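# Summary of the model geometry
Okay, here's what each chain looks like letter by letter:
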Amino acid sequence: MAEEHATARGMTVGAEGGADVTKGVWPAQPRPLSHDRVTLVVDGTHFVVDPAVFTAYPDTVLGRMFGRARQHSFTRPNTKGEYEIAEGIGASIFRIILDFYRVGILHCPEGVSLAELREACDYLCINFDYNTVRCRDLSALLHELSNDGARRQFEVFLEELLLPAMVSSAQEGERECHIVVLTDDDTVDWDHDNPPPMGEEHSQIIYSTKLYRFFKFIENRDVAKAHLKERGLKNIRIGIEGYPTCKEKVKRRPGGKSEVIYSYLQRPFIQLSWEKEEGKSRHVDFQCVRSRSVPNLITAMGEGPTRAGATPTPQVDELDRLNGPAPPGLDQ
């Protein structure tokens, strides 16, 4: 095994297959080396590391594994005494992780996916933010930071604005909710005798310019949808739709009827459900309906006497049989 050694705060790193190891400027007074080196196997690459370096970050996964407590419950060495860790993390990503323990910074070079580095940091409990990450692709960095901010902000919106509207629907016996987000300056002025003919009166309305701005971005809507799924909600739809705010004009139809034309604004909406048996409650269970025209099952199955040339007409209680498997012992 080709091996390179670099000492930083008591760390020795080796790479198999001639892989390069990141080197840099070492501290003037490095931490004393321990003689208890371990071999970490990541993505088929061997890294020989002095575990003393991980003690600087005891709250990370590697810090708990190889810190003073040596919590080996995370993983056990294989028959060669090597630790196979970080499954799913590439060797190039892990080199950046080891460099973090050396200098406290995650240097992401060009050609390395920042999203993959982010996933590795989440897996290893390493803080990923502007203070710890350096990369040339500022767009990718800001995108990851925006995702973090969107998750935190949506949790606040959910608890303070969305959940009360969902609870209000649940207390009315509903098992789904349609929420429209308007700005603080929007006004709704409907004609009580001629409301909009699209069922908007059943929507929950939230006035919040901040939430409106949040949902303007597709990425934020994706973050919100993922969070709602994690919280157990179903049939989640988040988008932009036209919402009637006030009447624009009234048309008189023959016969004295009037038609109100409304002005629509494009506003965000959320539709979701917490229904448990959603596949069962939206149809009538015809098994409980008895038909007077079918006296018994034999007649319903078409095996009883009928008029010559006549085609038996399916009855109400036959619908489940026609859509399901035949009873055992009966030929279709």
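The protein is annotated in an unreviewed UniProt entry as BTB/POZ domain-containing protein KCTD20 isoform X1 of Danio rerio. Heading Subcellular location (unreviewed entry) of the UniProt record for the protein holds this comment: "Cytoplasm".

We now examine the pairing of strand β2 (residues 45-49). Strand residues, when the strand is regular, have side chains that alternate between the two faces of the sheet. Of all five residues in β2, five are buried, a share of seventy percent or more. Because side chains alternate across β2, one face comprises the buried residues Thr 45, Phe 47 and Val 49, and the other comprises His 46 and Val 48, equally buried. For strand β1 (residues 38-42) and β2, the ladder comprises five bridges, and the chain directions are antiparallel. Residue pairing for β2: Val 41 is matched across the bridge by His 46. Linking β1 back to β2 in an antiparallel pair, the connection comprises two residues, with Asp 43 at a positive phi of about 55°.

Enumeration according to the criterion identifies 12 aromatic pairs in this entry. Judged by centre distance (4.8 Å) and plane angle (85°), the rings of Phe 54 and Tyr 101 are edge-to-face. One end of the pair, Phe 54, is in the loop between β2 and α1 (61-66); the other, Tyr 101, is in helix α2 (residues 91-103), with 47 residues separating them in the sequence. Residue classification places Phe 54 among the buried residues on the basis of a relative accessible area of 0%. Looking at Tyr 101, the relative accessible area reads 0%, which means it is buried. Look at Phe 154 and Phe 214: their rings are 6.1 Å apart centre to centre, the planes differ by 20°, and that puts the pair in the stacked class. Residue Phe 154 is found in helix α4 (residues 138-171), and its partner Phe 214 is found in helix α5 (residues 209-214); the two are separated by 60 residues along the sequence. There is no split in this pair, since Phe 154 and Phe 214 are both buried.

This paragraph deals with the sheet that holds strand β8 (residues 234-252). If you trace the four strands from one edge of the open sheet to the other, you get β7-β6-β9-β8, paired in mixed fashion. Bordering the open sheet on either side are β7 (204-207) and β8, each of which pairs with just one other strand. The sheet shows a mean angle of 35° between the axes of neighbouring strands, taken without regard to direction. Against the sheet, α4 touches β6 (176-182), β7 and β9 (258-273), its axis set at about 140° to β6. Sitting on the sheet, helix α6 (residues 218-230) touches β8 and β9, and the angle it makes with β8 is about 120°.

The rules we used
Every chain's residues receive numbers from 1 upward, in the order its sequence appears when written. This being a predicted model, a pLDDT of at least 70 is required before a residue's local features are given, and a value of 80 or more before pairs of side-chain atoms are given or counted; all residues contribute to the totals for chains, interfaces and linings. Water and hydrogen atoms play no part in the side-chain values, which are based on all heavy atoms of the structure. UniProt positions are given in the numbering used here, feature names are shortened, and annotations may be inferred rather than shown by experiment. Buried, partly exposed and exposed residues are distinguished by accessible area as a fraction of the type maximum, computed with a 1.4 Å probe on protein chains only: under 20%, between the cut-offs, and over 50%, respectively. The helix count covers DSSP runs of H or I at least four residues long, the strand count covers runs of E at least two residues long, and both are numbered beginning at the N terminus. By the convention used here, strands pair only if DSSP detects at least 2 bridges between them. Pairing of aromatic side chains here covers Phe, Tyr and the six-membered ring of Trp, requires ring centres within 6.5 Å, and sorts the geometry by plane angle: under 30 degrees stacked, over 60 edge-to-face, intermediate tilted. A fitted line through C-alpha atoms serves as each axis, taken over the contacting stretch for helices, and the angle formed by two N-to-C directions is quoted from 0 to 180°. Whether two residues touch is decided by their heavy atoms; if any such pair falls within 4.5 Å, the residues are in contact.

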